[in-house]
Each structure stands twice: as structure tokens, then as C-alpha cells.
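Listed below, chain by chain, are the residues.
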Amino acid sequence: STDEIHSLSITFDAMLDRLQKSFEREKQFTADASHELRTPTAVIMAQSEYALASLDTKENVEESLNIILSQSQKMSELISQLLLLTRTDRQEEILHIESFDVSELAEIVSSEMKLSAKTFDIELITEIQSNLMIKADQMLITRLLMNLLSNGIKYGKKNGFVKLSIYKEDNCLIGKVSDNGIGIENEYQDKIWDRFYQVNPAR
């Protein structure tokens, strides 16, 4: 029926749905934090134990402290990223929209990534149309480009390639990252937006 009790039940169901989504977000954040912080924490603990056992050797202690510092900096960055994810999930992230040359930004990012690509014996190819201006959050666009390129490099094949293309088509800005790496089977492609999802970690 469409009486008041029916309306109340619909409202109640909607409230329960919102609560469930809130609980799921909290669970996701806990899983994210555990996943990302486990490795640097283990390294810091191991290096601290090693340094304490090597107090009579300055070089060993100094090496351990440098590793601890590096991992601590990594943890700090990871925590910042996790907080960003949480604020975004809750739609609390404030975007800093500005006008900038995305062609220039893409050239800078790709230039920085070429050393990493070379380490993996992968050629980083760019086809970037010049003087493309957009209004967006420059930091998030930078992170987007770096994440896509680093994934292409990490899962590429030796002597393969990763290609970044950015160009204008009609009134749209098109960005593409392509490679000839291992790829993702069609049956798993609907899961690519699940955070930290990997088809097979062994690969």
C-alpha cells in the first residue's frame, strides 16, 4: 500500500542502506591500511632489531637507520594516501581546480618515469599534443598519470613498451596508456576498480 507505514518502511530501509555503506567504508579503510602498512612496518622492526644487535659497528647501525628513515617516509606517504582515499570515499576531499597545461605536465611525468621503465627494460613512448589546457586538480592528474604508467611498467614484459597518448578530439581531451604486457583476462576486468585487486599476485 501507499500509506504512512509504507512510507516509513521505505525511509527506514534507506537509512539501513546508508549505515551498511558506512560500515563497508570503515571495513575497506581498515583493509587498505593493513595491506599498505604491513611491509614497511615489518622492515622497520627488522632493521631496528638488527641495529640494536650491531651497536658496536657504526656502519651497520647507520645503514639500518637510513633504511628505517626511508621506510618511515614511505609509511607517512601511504598514510596520507589512505586518508585521501577515505576523504574521497566520504566525498570530503576538496578539489583544487586550476587551469594548467596538461601537455607540459604529462611530459614532465613521463620524463620522470623513463628511468623506471629503463630499469625494467621497457621503452616508454609518448605521443603528446602540445599546448593542451585543462581545468582540473593538478595533483590528482599527476597521480593518475604516474599510477597508470607505473602499473604499465611494473606488469610489462621485458623489451616491451608502454605508450602514453594525449590529444584533443572534437571538444574532448583524450588520454590513453597502452602496453604489450601481460594484460587482464576479460573475466576479471570488471574487478579493476576494486582497490588493491590483483588477478594473480604470483604473476
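Everything discussed here concerns the structure shown above.
My aim in this report is to walk through the structure given alongside it, one point at a time.

Cut-offs used in this document
- Residues numbered from 1 in each chain as written.
- Predicted model: local features only at pLDDT ≥ 70, side-chain atom pairs only at ≥ 80, totals over all residues.
- Heavy atoms only, no water.
- Salt bridge = Lys/Arg side-chain N within 4 Å of Asp/Glu carboxyl O.
- Helix = DSSP H or I, 4+ residues; strand = E, 2+ residues; numbered from the N terminus.
- Buried < 20%, exposed > 50% of the residue type's maximum accessible area, 1.4 Å probe, protein only.
- Core = buried A, V, L, I, M, F, W, Y, C linked by side-chain atoms within 4.5 Å.
- Contact = heavy atoms within 4.5 Å.
- Pairing = 2+ DSSP bridges.
- Axes fitted to C-alpha atoms, helices over the stretch in contact; angles between N-to-C directions.
- Expected span 1.5 Å × (residues − 1).
- Bend = angle between axes of the 7 residues up to and from the residue.
- Polar contact = N/O pair within 3.5 Å; in protein donor to acceptor, adjacent residues only side chain to side chain.

### Examining the pattern of salt bridges
At step 1: Under the counting rule described, the total for this entry stands at two salt bridges.
At step 2: As a salt-bridge pair, lysine 158 and aspartate 121 come within 4.0 Å of each other at their nearest N and O atoms. With lysine 158 in the loop between helix H4 (138-154) and strand E4 (161-169) and aspartate 121 in the loop between helix H3 (102-119) and strand E2 (123-128), this residue pair connects regions lying 37 residues apart in the sequence.
At step 3: Look at lysine 158 and you get exposed, because its relative accessible area is 61%.
At step 4: Aspartate 121 gets classed as partly exposed once you look at its relative accessible area, which sits at 36%.
At step 5: One salt bridge connects lysine 163 with glutamate 127, and the closest N-O pair in it is separated by 3.3 Å. Remark: glutamate 127 occurs in strand E2 and lysine 163 occurs in strand E4; sequence separation between them is 36 residues.
At step 6: For glutamate 127, a relative accessible area of 46% translates into the label partly exposed.

### Here we look at the nonpolar core
At step 1: In terms of nonpolar packing, the biggest core is built from 19 residues, with Leu149, Leu164 and Ile166 touching the most fellow members.
At step 2: Taken together, the elements giving at least two residues each to this core come down to H3, E2, strand E3 (133-137), H4 and E4.
At step 3: With six residues, H3 is the largest single contributor of residues to this core.
At step 4: With sequence-adjacent residues up to four places away left out, leucine 149 is seen in contact with Val109, Ser110, Met113, Leu124, Val162, Leu164 and Val177.

### Some thoughts on the sheet that holds strand E5 (residues 172-179)
At step 1: As summarised here, the arrangement of the three strands in space is E2-E4-E5, forming an open sheet in which the pairing is mixed. Only two strands of the sheet have a single partner each, and these edge strands are E2 and E5. Strand-to-strand twist across the sheet, computed as the mean angle between neighbouring axes with direction ignored, equals 10°.
At step 2: As paired strands, E2 and E4 are joined by six bridges and run parallel to one another. Directly across from isoleucine 128, in E4, lies its bridge partner isoleucine 166.
At step 3: Relative to the sheet, H3 contacts E2, E4 and E5, its axis offset from that of E2 by approximately 170°.
At step 4: Against the sheet, H4 engages E2, E4 and E5, with an angle of about 145° to E4.

### Quick notes on the side chain of serine 103
At step 1: Mapped onto the secondary structure, serine 103 falls in helix H3.
At step 2: Once residues within four sequence positions are removed from consideration, serine 103 is found in contact with Ile128, Gln129, Ser130, Asn131 and Leu132.

### Some points on H3
At step 1: Along its 18 residues, H3 runs 26 Å from first to last C-alpha, staying within 8% of the 26 Å computed at 1.5 Å per residue.
At step 2: The largest bend in H3 is about 30°, located at methionine 113.
At step 3: Here H3 has its buried residues at Val102, Ser103, Leu105, Ala106, Val109, Ser110, Met113 and Ala117.
At step 4: Between a side-chain oxygen at the N-terminus of H3 and the backbone nitrogen of serine 103 the separation is 2.9 Å; the capping residue is aspartate 101.
At step 5: Taken from the residues just after H3, aspartate 121 is the one with a positive phi, measuring 55°.

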